[in-house]
Protein chains: 2
Amino acid sequence: MDKTEVRVPFDKLKEIVRSILVSVGLSAPDAEIAADVLVTTDARGVSSHGVYALPGYVRQMREGGIDPRADIAVLEESGATCLIDGKNGMGQVVSVKATRKAIELARKYGTSVVCVRNSSHFGAGAYYAMMCAKENQIGIAISNATPVLAAPGGCGPAVGNNPIAVAVPTADDPVVLDIALSIVAVGKMMNIVKSGGTIPDNWITDEEGRPSTDPYVLDRGGAALPFGGYKGFGIAVITEILAAVLPGAGVTKELRDWLLYPHLPTRTGHFFAAIDVSRFMPVQAFKERVSLFGKEIRGGKRAAGVERLYMPGDMENEAERKSMLSGVAVPIHLWKALKELAEEEGLSLDMEL
Amino acid sequence: MDKTEVRVPFDKLKEIVRSILVSVGLSAPDAEIAADVLVTTDARGVSSHGVYALPGYVRQMREGGIDPRADIAVLEESGATCLIDGKNGMGQVVSVKATRKAIELARKYGTSVVCVRNSSHFGAGAYYAMMCAKENQIGIAISNATPVLAAPGGCGPAVGNNPIAVAVPTADDPVVLDIALSIVAVGKMMNIVKSGGTIPDNWITDEEGRPSTDPYVLDRGGAALPFGGYKGFGIAVITEILAAVLPGAGVTKELRDWLLYPHLPTRTGHFFAAIDVSRFMPVQAFKERVSLFGKEIRGGKRAAGVERLYMPGDMENEAERKSMLSGVAVPIHLWKALKELAEEEGLSLDMEL
């Protein structure tokens, strides 16, 4: 039987990603940052937002949409706030640097907000929020994205399927929420249909705002629906204001799709916030209290047939532990794509397993 | 035909509420604060969270659950953060004072977080968030509440139907999102069933975690479901951490239901945050950009049969304008309850219309 995935040791996969990024122009420290974000995301089982996107990012760097040598600039810094110009740099590098600033400001002032303009696709927000959690801070990371969600009653994309991540330190694993705002991820819908399944008619609407079960309407003016109807749409509106209007980034249609226009800067915006737990209670007491809350949730009574109850992040925290022991799962097609990238760049990497 | 509601001029209704609150023990300035929160909420059409709750609050004050003379105390203030002890005061009074502190700190540091313990039911969070918007800040208000939402796959209440409000200043009306996390408000479900309707089987589960169409299962160990499944549940977990664990308030089952135990302090917690827009861009430019975003959403193409598209807060902003012109709608049964309260307190108020 053909294997559908390979397991690659974390450090080995990271070295491959790092080498490719250096080869397409990133400085060694920036490539180290981006490789850690991407491979950690795969290690956590979020394969839709990690190394999978590397070929797309490389294309953006080759064609001009991302400037691999971008040197981010602080445009304004005032008290506990900071506005950063990402200079069309790689989203992961810009976001890690912006989060470092958020952590520094929250350490000084107790809380902070760092907004970013002129960034790119930032991948999985969980990584940045978790950077804060490691420093005993509650971290929040939001990005805007090209419009794909319909307004309730509207036709076509009105606002992005903007990701929101929050991480909280605990006495054991961090609580990590990382969600976007559609009922189901568009990629997941596509996979269901490609593998012969059907999707219900309340996940997307066509270009006239009618219910549809064909995810390809999204290429013809259709839109995905936000979870929770007007509630999820309201959250989408607020995230667009925080991550796009406030930093002066591209708003809704001003944003350029990084997959469709690899030669153009995307004008993506981000919002990062951090809260220093120690300003409110002793860190250890807080961590134990959150862990106790987690035990209460996980230990709750289960409905018939339900094996486990989860806190946000449980699955990803477990996946990460497994990946550190047994290697990071990489789909065969992605492994081949990495080999091709290495070859195109003339790199002789150790890619034997 | 019997009228189902009366229209009472804003100032008149506020004076009635204020007088009753003074009579049950609030200081004149605190009664002024609370009356404005309650009546403004009704003026905005949110009749489930305004004056409607006054008889319950009065009962709490008479029986000991709320201390009408509570003098809130700052337990910690450090940089842009502050921890407040509400001393079991009335939630509206505590929340307005906490929000004033959040505004003051955000003016000084650019952003702020104020956490509150030992408060009570705070009513509609929109009021506090809008206080920030009036000062050219983005305001966030979150409260915890007694458990009513099930964890995905779980049985019975695991976490509160915690309200989240966000308000954003614009060049016209503020954007105001004010939502709780159940698919539909429990009160609304009850009203549907009481008036002979039925509810779908995916809004609540019974004590065994099975789908139910009987909202009364909520009195027998059932639970409401969060919107968006695990996504909404994740948001509920984060709000409980921010509004209850971080301030050291009662967490989940530690909280006491204000309607069931009017003689006991509820141990409710709140989280308030503010962001000073001017730290990121000129206020007027920001406001115009948000207004433009609103125009874009409202002016989007509509599905067949849809009359209007809305930004969060549009309906409430319009209701408030109408109420200021034509009076605040008060249901007849509530108007009678107010008359009874006034009588019980021996007040001779002008309640002719």
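Right above here is the structure, for reference.
Note that the coordinates shown come from a computational prediction; the quantities given were computed from them, not determined experimentally.

(A) Focus on the packing of aromatic side chains. Tallied over the entire structure, the rule returns 12 aromatic pairs over all chains. Arranged with centres 5.9 Å apart and planes meeting at 70°, the rings of B:Tyr127 and B:Tyr128 form a pair that is edge-to-face. For B:Tyr128, a relative accessible area of 1% gives the class buried. Put simply, the rings of A:Phe122, A:Tyr127, A:Tyr128 and A:Phe272 pair up and form one aromatic cluster.

(B) Spotlight on unusual backbone geometry. Residue and element names in this part refer to chain A. You will see that Lys87, though not glycine, has its phi angle at about 55°, which is positive. Relative to the elements of secondary structure, Lys87 occurs in the loop between β3 (81-85) and α4 (91-109). The class of Lys87 is partly exposed, set by a relative accessible area of 38%. Even without being glycine, Thr252 reaches a positive phi, approximately 40°. Following the sequence through the fold, Thr252 ends up in the loop between α7 (230-245) and β13 (268-276).

(C) Layout of the interface of chain A and chain B. Each partner contributes to the interface: chain A provides 74 residues, whereas chain B provides 75 residues. Considering only the surface of chain A that becomes buried against chain B, A:Lys231, A:Leu246 and A:Phe280 emerge as the three largest contributors, covering 13% of it. Linking chain A to chain B there are four salt bridges. Ionic pairing is found between B:Glu254 and A:Arg289, a salt bridge with its closest N-O pair at 2.6 Å. Taken together, the connections running from chain A to chain B amount to 20 residue pairs in polar contact (both at pLDDT 80 or more). Broken down by secondary-structure element, the contributors of at least two residues to the side of chain A that touches chain B are β2 (73-78), β3, β4 (111-119), β8 (164-168), β9 (175-179), α7, β13 and α8 (283-298) of chain A. The element contributing the most residues to the side of chain A that touches chain B is α7(A), with 12 residues.

(D) Inspection of the sheet that holds β8(A) at higher detail. Residue and element names in this part refer to chain A. The seven strands are arranged β2-β3-β4-β13-β5-β8-β9 in an open sheet whose pairing can be described as mixed. The open sheet terminates on both sides in strands that have one partner only, identified here as β2 and β9. In this sheet, adjacent strand axes meet at a mean angle of 10° when their direction is disregarded. Sheet topology places β2 next to β3; five bridges connect them, and they run antiparallel. Each residue of the ladder has a partner; that of Glu76, found in β3, is Leu83. Along the sheet, α4 makes contact with β2, β3, β4, β5 (137-143) and β13, crossing β4 at roughly 160°.

What counts, and at which threshold
Here the residue numbers are simple positions, counted from 1 along each chain's written sequence. The lettering of chains begins at A and the numbering of ligands begins at 1, in the order of writing. pLDDT decides what is reported in this predicted model: residues at 70 or higher carry local features, side-chain atom pairs at 80 or more are listed and counted, and totals for whole chains, interfaces and linings draw on all residues regardless. As a rule here, side-chain values cover all heavy atoms of the structure and leave hydrogens and water aside. What counts as a ring pair is set by centres within 6.5 Å for rings of Phe, Tyr and Trp (its six-membered ring), and what kind of pair is set by the plane angle: stacked under 30 degrees, edge-to-face over 60, tilted for all other angles. For every residue, the accessible area obtained with a 1.4 Å probe (protein chains only) is divided by the maximum for its type, and the residue is called buried under 20%, exposed over 50%, and partly exposed between those limits. Strands are runs of DSSP state E lasting at least two residues, helices are runs of H or I lasting at least four, and both sets are numbered from the N terminus onward. In what follows, residue pairs with any heavy atoms lying within 4.5 Å of each other are defined as contacts. What gets called buried area is simply the loss in accessible area from a 1.4 Å probe that two parts show on being joined, summed for both. For salt bridges, the criterion is a side-chain nitrogen of Lys or Arg within 4 Å of an Asp or Glu carboxyl oxygen. Under the rule applied, a polar contact is a pair of N or O atoms within 3.5 Å (in protein, one hydrogen donor and one hydrogen acceptor; residues adjacent in sequence only if both atoms are side-chain atoms). Any two strands between which DSSP finds at least two bridges are classified as paired. Orientation is described by lines fitted to C-alpha atoms, with helices fitted over the stretch in contact, and by angles between N-to-C directions that extend from 0 to 180 degrees.

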